[in-house]
Amino acid sequence: MTPKAPSIDFAAISPLIALLTGACVVLLLGLLRSRFARTQLVPGLTIVTLGATAGLAIWRWGENTSVLSASLRMDDLTLALTLLFVAGAIATVLLAWRGVAPREAGHGEFYCLLLATVLGMVVLVAAQNLVAVFIGYELLSIPLYVLCATELRREKSLESGLKYLIIGSVGSATLLYGLSFLYGATGSTDFSGIAAAVRVSDVGDDVLFLTGIGLTVTGLAFKASVAPFHQWTPDVYEGAPTPVTAFMAVATKAAAFGVFLRLFDVALIGTASTWAPALAVLALITIVVGNVGALGQSSLKRMLAYSSVAQAGYMLAGVVVSTQLGVQAVVFYLAAYLLMNLAAFAVIVVRERETDLGDDMAAMHGLGASRPWLAWPMTIAMLSLAGFPATAGFFGKINLIQAVVENDYAWLAVAIVLGSAISLAYYLRVIAAVWMRAPGETGRARAVPARLAASGRPLIAGGAPEADEAGGSRAAGDRSDKEPGAHAAGEGRAAEGPEPGGLPDPGHAAAAGRTEAADPGPAPAASAGSALGRLRQPEVVFVALICTVGTLFFGVYPSPLLDFARDAGDAFTNLF
Amino acid sequence: MSSQLTVHLSILLFWPVAFATLGALAPRRVAPVLALIGALIPLGYAVLLLIDFDAGRSGSLQYVTDAEWIPDLGVRYKLGIDGLNLWLIALTTLLWAFSAVWVALRPTERPRLFAFHLGLAETAVLGAFLAQDLLLFVLFFDLMLVPFYFLVGQWGGPARVGATIKMVIYTLVGSLLMLAAAVATGVLAGEQSGSELTFVMSDLVRTSLPEDTQRWLFVAFALAFLIKMPAFPFHGWMPDAYRNMPLPVLAVFSAVLSKVAAYGFLRIVLPIFPDASVDFQTVLLIVGLVSIVYGSAMAFTTTEVRLILGYSSIAQLGFIVLGIFALRPEGGQGAILQMVNHGLVVAPLFFIVALLSERSAGSESIRDMGGLATRGPVLASLFLIIALATLAIPGSANFAGEFLILLGVFQTKLVIAVIAFTGVALASVYMLRAYIRTMHNRTPTNVASSDLSVRDGVVLVPVVLVILAFALYPQAALSDGEGGVKAAVRSAQAVSEGKQNPATAASAAPEVTP
């Protein structure tokens, strides 16, 4: 008998090959000495790679094929989510083009890690096998840990990378443990095998199996920022470079929910009556925790981190119902969420580089009058996140509410709307900052004890040392910044809400609480709005504008996006 | 007739925001002209619709626009006019034209952006009135608030940011609950009737949901509408919002937005949830009654002119709630008439507040005013006409409206009607107090009485003429509205009479010909 090599459907896995090839090429190109090659060619080739991946994904649309011994399934859900990842990654490349992170960590390395993360995400959502799930999970996470730490000279960035590494490792260890229990209980690592085992025997009530589900949920909840495993999200989002935060907020969430959908709506659907109520309760807790946590934030990145926790709660409600409409609702919401978040983060990136206020809400003051091209994207992004009509977020919420009401989870619908009501408080505050406050006007005490500023310890809220990013891009070469705290001098931060984690900060207790003292603190804060002038960043403004236009377009005419989401949902064959 | 004119409602609906957007982007000199055109053309359209409307078929939709919009979600783009919303649309366009002329003759800062937000608001309100699909209605109802958030927050008084955030959050808590209830209504109705998901109101009216489902859906809708009106005890957002809103904006806000909520009761709640409406009838009647008494009491004790009008609005909306929840055609017709009347009187009253405060060195407290009639006979006469109309003097259209409302309530709940009669007297107290304290008595030192300028007259006189014309012939609105109101109230009335009189459950209500 002649051994036959297994047939590999290269056309089906072409998006993966494109990403891998691109990652290698970009890494190698980053070694060139030419400045043009490193700063322009490498990001350009990254975008070309991502574009090629998207093109290949669209080419393969509608052909649902199992590849690699049925360990991956390149169906419409995978391809739809691939398109979302690629969109997020392209936006990240544009946001990071002039940023500090690629310069400090090496352009080739930065963009190669980004492509590797996207590759991991595609593998994760395509996985039909527990081992493939874990491979995808790790391939997604590890480059992301490094990406968070790429602003090498900013202590908060390194801290965020390390924190993400430690907590993420706990998460993946838990996931692995849970997956192994699932294998142990059902005897198969394939989703189809697990589903068959659940159908045939009563393993659905087995303690080993249930423990496996519980640990798996925990591991995935870490990645998706579902409460109570969301504690890392505010600190990591805040410390990471903003383009990387944007990418994490949109793409990682999409990947995590993709695998939630796969695992729970394919493999474990037979035991839906067991895990669905538990997930529903988790969704409720997540909505409450996320919305309440965002209320007191003055750092926009932290606020968006908590808001992403709350949005994860809304989407988890769509996973719970395990129906076609639920899957459609989740995918639609992920797409809409990508648009709204990228618009907001783009504006934050622009303002970070223009002022020395970092991502503090004060950087948004007065934008309505002076920078309408930034003010309107931020406004529409906030309105869409809150679910106001004429934006994509409105239909996203309606879709989710429809999905849960149709399946007797009406109380989850009430939770979603009440969460949205609470979220208005912080989203409207941002809009008020943009339109209704003059630059330099502050409503909170901003005193910083001098000893804190001089000690160089990072402050809890906001990454003020983004200023070195703007300064560096104007200086001839890199400028090492030994004292990130020095930039923070004169900028107090209001104390956060009850926050676990974060570096123990001697100034934390000393920094003024949320009192309404109008004293703006030392002078630099008051004039910070115009401190560093305007920089030309058309690519970032372009991202903001195109995402805003998308949000408005799908708010008035959501049908194309709904069709896109429905095709993704059709990939599942055995839903309720 | 209806099939030929189907595109007209869409033009009417989107004209204001289209011209407002053009105006925002246009050069500074062209912008006011564009804003005026954006407000006056819809008024012309509305007048044409008034003339062309067939009162005999007022129970069914005319000028229907029905197109598929989002098939995945079951939402259709359906607009239509019937007896319920015809006069409300006319009121909306008239008052927005009034406000546009006001702003054109007394410009504000950043007028282009101001006009943009006003235009967007008019489109949203017209959309809420015209929509015949439940989710479309909720969309416009929630959208209504966004431009007002910006208008108050950017052009408002000293405490504007806090006031606007409070107003938006307070209102949206109810509106978001209504969103969930609206989606649930469509889904449950679809499941019940076995047909595909639809939110079109005429389809939803045909299905009858079980009573306990109706109850919680009713509560969600009622909460949203009561907060919007506002009715006691959900009026907490009103004082700050009224104090800090710019006056041209406040005129349309107070006159029109509260009516959307009242209209929502008649259009959605009564026809789709008749059993729950009957169950909660007494509660809502008491809410209306307490609003009347509380609003009137606060109106004649407060000294800020804006709040006098704000609390009087609470009282007038209380009357409208009474009319709606009498669950009789008379009450419903009185409610519709009062909606139009109240809008017509309160908008010019806010303009008069602006005039009064100009003459009193910027103060808006009646303690600082007085004797303004001495050198302002025209102003005093116009103010008197409007004030007498507000307190429903016999001879005004408001009198006809209140009479019908009380007639309706009298026939269902006698005690409430008797107590509500006192509200009529209380209206006189606060309105006359306001008039006398500002116009008569001694003139304080820093008050300069002067008469109405021609510029101000252009703004004020047309609306007063409409009030007078309406006072002479309120039957116009009543005959147009009759069929629509009867259709809206029919199922709730049937349930209510079935409960009162199980033996003669099918007795019809007496015809109303005032």
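In this text the structure is predicted, and so the values were computed from the model without any measurement. (Residues numbered from 1 in each chain as written. Chains lettered and ligands numbered in written order. Predicted model: local features only at pLDDT ≥ 70, side-chain atom pairs only at ≥ 80, totals over all residues. Heavy atoms only, no water.)

Undergrad: Sorry if this is basic, but what is going on with the overall build of chain B here?
TA: Across its full length, chain B carries 20 helices and two strands. Against the 2.2 N^0.38 benchmark of 24 Å for 514 residues, chain B shows a C-alpha radius of gyration of 22 Å, consistent with a compact globule. Over its C-alpha atoms, taken along the principal directions, chain B stretches across nearly 70 × 55 × 40 Å. Sorting the 514 residues of chain B into buried and exposed places 64% on the buried side. Put simply, 82% of the contacts in chain B that link residues at least 6 apart link residues at least 24 apart. With an accessible surface of roughly 16700 Å², chain B has 66% of that area assigned to carbon and sulfur atoms. Across chain B, the 29 positively charged side chains and the 30 negatively charged ones have centroids separated by 11 Å. (Helix = DSSP H or I, 4+ residues; strand = E, 2+ residues; numbered from the N terminus. Rg over C-alpha atoms; globule rule 2.2 N^0.38 Å. Buried < 20%, exposed > 50% of the residue type's maximum accessible area, 1.4 Å probe, protein only. Contact = heavy atoms within 4.5 Å. Areas by Shrake-Rupley, 256 points an atom, 1.4 Å probe, with all protein chains shown as cover. Lys, Arg positive; Asp, Glu negative; His and termini not counted. Charge placed at Lys NZ, Arg CZ, Asp CG, Glu CD.)

Undergrad: Sorry if this is basic, but what is going on with the overall build of chain A here?
TA: Secondary structure assignment for chain A yields 25 helices and two strands. Looking at chain A residue by residue over its 576 residues, the buried ones come to 66%. Relative to all contacts within chain A whose residues are 6 or more apart in sequence, the contacts with residues 24 or more apart total 81%. When the accessible surface of chain A is totalled, it reaches about 18600 Å², and 67% of it is carbon and sulfur.

Undergrad: Sorry if this is basic, but what is going on with the interface of chain B and chain A here?
TA: Frequently, the measure chosen for interface size is the accessible area that the parts lose on association. Contacts between the two partners involve 35 residues from chain B, matched on the other side by 37 residues from chain A. A buried area of about 3100 Å², summed over both sides, lies between chain B and chain A, and 80% of it is on carbon and sulfur atoms. The three residues of chain B that bury the most area against chain A are D72, L73 and L176 of chain B, which together make up 18% of that side's buried surface. Linking chain B with chain A are six residue pairs in polar contact (both at pLDDT 80 or more), by the criterion used here. Sorting elements by how many residues they give to the side of chain B that touches chain A places helix α7 (residues 160-193) of chain B first, with 16 residues. Of the residues assigned to the side of chain B that touches chain A, the class counts are 27 nonpolar, four polar and four charged. (Buried area = accessible area lost by both parts, 1.4 Å probe. Polar contact = N/O pair within 3.5 Å; in protein donor to acceptor, adjacent residues only side chain to side chain. Nonpolar A, V, L, I, M, F, W, Y, C, P; charged D, E, K, R; others polar.)

Undergrad: What should I look at first to understand the pairing of strand β1 (residues 62-70) of chain B in this one?
TA: Every regular strand shows the same layout, with side chains that alternate between the two sheet faces. All names here are of chain B. With six bridges connecting them, β1 and strand β2 (residues 75-81) associate as antiparallel partners. By the bridge assignment, E68 is partnered in β2 with R76. Linkage of β1 to β2, two consecutive antiparallel strands, is achieved through a turn of four residues, within which G74 is found at a positive phi near 75°. (Pairing = 2+ DSSP bridges.)

Undergrad: Whenever I open this one, the packing of helix α3 (residues 76-96) of chain A against helix α5 (residues 107-126) of chain A confuses me. Can you help?
TA: Helix-helix packing is described using two parameters, namely the angle between the two axes and the distance between the axes. Residue and element names in this part refer to chain A. Relative to each other, α3 and α5 sit at 165°, their axes nearing to 9 Å. As far as their axial angle goes, α5 and α3 are roughly antiparallel. Our pair here, α3 against α5, has a crossing hand that is right-handed. Contacts between α3 and α5 pair T78, L81, T82, F85, A89, T92, V93 and A96 from the former with F110, Y111, L114, V118, M121, V122, V125 and A126 from the latter. (Axes fitted to C-alpha atoms, helices over the stretch in contact; angles between N-to-C directions. Parallel < 35°, antiparallel > 145°, perpendicular 65-115°, else oblique. Left-handed = near helix turned anticlockwise from the far one by under 90°.)

Undergrad: Hey, could you run me through the confidence of the model for chain B in this one?
TA: Reading fine detail from the predicted coordinates is not recommended where pLDDT is low. Residues and elements named next belong to chain B. Per-residue pLDDT for chain B averages 89, and the proportion of residues at 70 or more is 97%. Predicted confidence is poor over residues 1-5, with pLDDT under 50, and the contacts of this stretch with residues over four places away or in other chains come to eight contacts. Low confidence marks residues 505-514, where pLDDT is under 50. Its contacts with residues over four positions away, or in another chain, come to 16 contacts. The ipTM for the predicted assembly is 0.90, set against a pTM of 0.87. (pLDDT = per-residue confidence, 0-100.)

Undergrad: What exactly am I supposed to notice about the environment of D368 of chain B here?
TA: All names here are of chain B. By secondary structure assignment, the location of D368 is in the loop between α15 (329-359) and α16 (377-390). For D368 and T443, which are 75 residues apart along the polypeptide, the C-alpha to C-alpha distance reads 8.9 Å. Setting aside anything within four residues of it in sequence, one finds D368 in contact with S360, S363, P444 and V447.

Undergrad: Sorry if this is basic, but what is going on with a nonpolar patch on the surface here?
TA: All names here are of chain A. A surface patch of nonpolar side chains, amounting to about 610 Å² of accessible area, comprises V281, L284, I285, V288, V292, L295, W411 and I422. Listed by contribution, the elements that provide at least two residues to the nonpolar patch are α12 (272-294) and α18 (410-436). Per-element accounting of the nonpolar patch gives the leading share, five residues, to α12. Within the secondary structure layout, L284 lies in helix α12. (Patch = residues over 30% accessible without salt bridge, like charges linked within 9 Å, V, L, I, M, F, W, Y side chains within 5 Å. Salt bridge = Lys/Arg side-chain N within 4 Å of Asp/Glu carboxyl O.)

Undergrad: Would you mind going over the pattern of salt bridges with me for this structure?
TA: It is possible for side chains of opposite charge to pair when their charged atoms get near one another. Per the counting criterion, the structure on display carries 33 salt bridges over all chains. What emerges from the salt-bridge pattern is a single network uniting K156, E159, K163, D235, E238 and R302 of chain A.

Undergrad: What am I meant to see in the packing of aromatic side chains here?
TA: By convention here, two paired aromatic rings are described through the distance between centres and the angle between planes. All chains considered together, the criterion is met by 45 aromatic pairs over all chains. Taking 6.3 Å as the distance between ring centres and 65° as the angle between the ring planes, the aromatic pair formed by W232 of chain A and Y237 of chain A counts as edge-to-face. A single burial state applies to W232 of chain A and to Y237 of chain A, both of which are buried. Aromatic pair F141 of chain B and F225 of chain B: ring centres 5.6 Å apart, planes at 80°, arrangement edge-to-face. Placement of F141 of chain B in helix α5 (residues 134-143) and of F225 of chain B in helix α9 (residues 211-228) is noted, with a sequence separation of 84 residues between them. Here the two residues F141 of chain B and F225 of chain B agree in accessibility, since each one is buried. What links up through ring pairs into an aromatic cluster is the set F137, F141, F218, F221, F225, F265, F273, F280 and F325 of chain B. Its end group placed over the ring of Y137 of chain A, K223 of chain A keeps NZ or CZ at 5.3 Å from the ring centre. Against the face of F141 of chain B rests K228 of chain B, its NZ or CZ located 5.7 Å from the ring centre. (Phe/Tyr/Trp six-rings, centres within 6.5 Å; stacked < 30°, edge-to-face > 60°. Lys NZ or Arg CZ within 6 Å of the ring centre and 35° of its normal.)

Undergrad: Would you take a moment to explain unusual backbone geometry for this structure?
TA: Only a minority of non-glycine residues have a phi that is not negative, and only a minority of peptide bonds are not trans. In this structure, P228 of chain A follows A227 of chain A across a cis peptide bond, with omega equal to -5°. In this fold, P228 of chain A is placed in the loop between α9 (207-224) and α10 (232-239). Even without being a glycine, S69 of chain A presents a positive backbone phi close to 55°. Residue placement: S69 of chain A occurs in the loop between β1 (65-67) and β2 (72-74). The exposed category is assigned to S69 of chain A, whose relative accessible area is 71%. Residues other than glycine seldom take positive phi values, yet A392 of chain B does so here, at roughly 65°. For A392 of chain B, a relative accessible area of 4% corresponds to the buried category.

Undergrad: Explanation requested: the environment of G483 of chain B in the structure shown.
TA: Residue and element names in this part refer to chain B. Secondary-structure assignment places G483 in helix α20 (residues 475-500). Taking relative accessible area as the criterion, G483 reaches 26% and is therefore assigned partly exposed. Other than its neighbours up to four places away in sequence, G483 contacts S58 and G59.

Undergrad: So what exactly am I meant to see when it comes to the confidence of the model for chain A here?
TA: Averaged over every residue, the pLDDT of chain A is 83; the share at 70 or more is 82%. A low-confidence stretch, residues 443-531 of chain A (pLDDT under 50), is modelled with 154 contacts involving residues beyond four sequence positions or located in other chains.

Undergrad: Help me understand the state of the cysteines, please; the structure alone is not making it clear to me.
TA: A covalent bond between the sulfur atoms of two cysteines is referred to as a disulfide. If you walk through the whole model with that rule in mind, you get zero disulfides over all chains. Left unpaired, C148 of chain A is separated from the closest cysteine sulfur, that of C112 of chain A, by 16 Å. (Disulfide = S-S within 2.5 Å.)

Undergrad: Looking at this model, I keep getting lost on the environment of G156 of chain B. Mind explaining?
TA: Residues and elements named next belong to chain B. As for its position among the elements, G156 is in the loop between α6 (145-155) and α7. By relative accessible area, G156 is classed as buried at 18%. When the C-alpha positions of G156 and A315 are compared, they lie 25 Å apart, and in sequence the two are 159 residues distant. Apart from the residues lying within four places of it in its own chain, the contact partners of G156 are L151, N244 and P246.

Undergrad: Can you help me understand the side chain of T379 of chain A in this one?
TA: Turning to its location among the elements, T379 of chain A is positioned in helix α16 (residues 372-386). At a separation of 2.7 Å, a polar atom in the side chain of T379 of chain A contacts the main-chain carbonyl oxygen of A375 of chain A. The contact partners of T379 of chain A, leaving out residues within four places of it in the chain, are I431, V434 and W435 of chain A together with F150 of chain B.

Undergrad: Sorry, what's going on with α7 of chain B here?
TA: Residue and element names in this part refer to chain B. Under the 1.5 Å per step criterion, the end-to-end length of α7 is 48 Å for 34 residues, consistent within 8% with the ideal 50 Å. Summarising burial for α7: 24 of the 34 residues are buried, a large majority. At the exit of α7 stands G194, carrying a positive phi of roughly 75°. (Expected span 1.5 Å × (residues − 1).)

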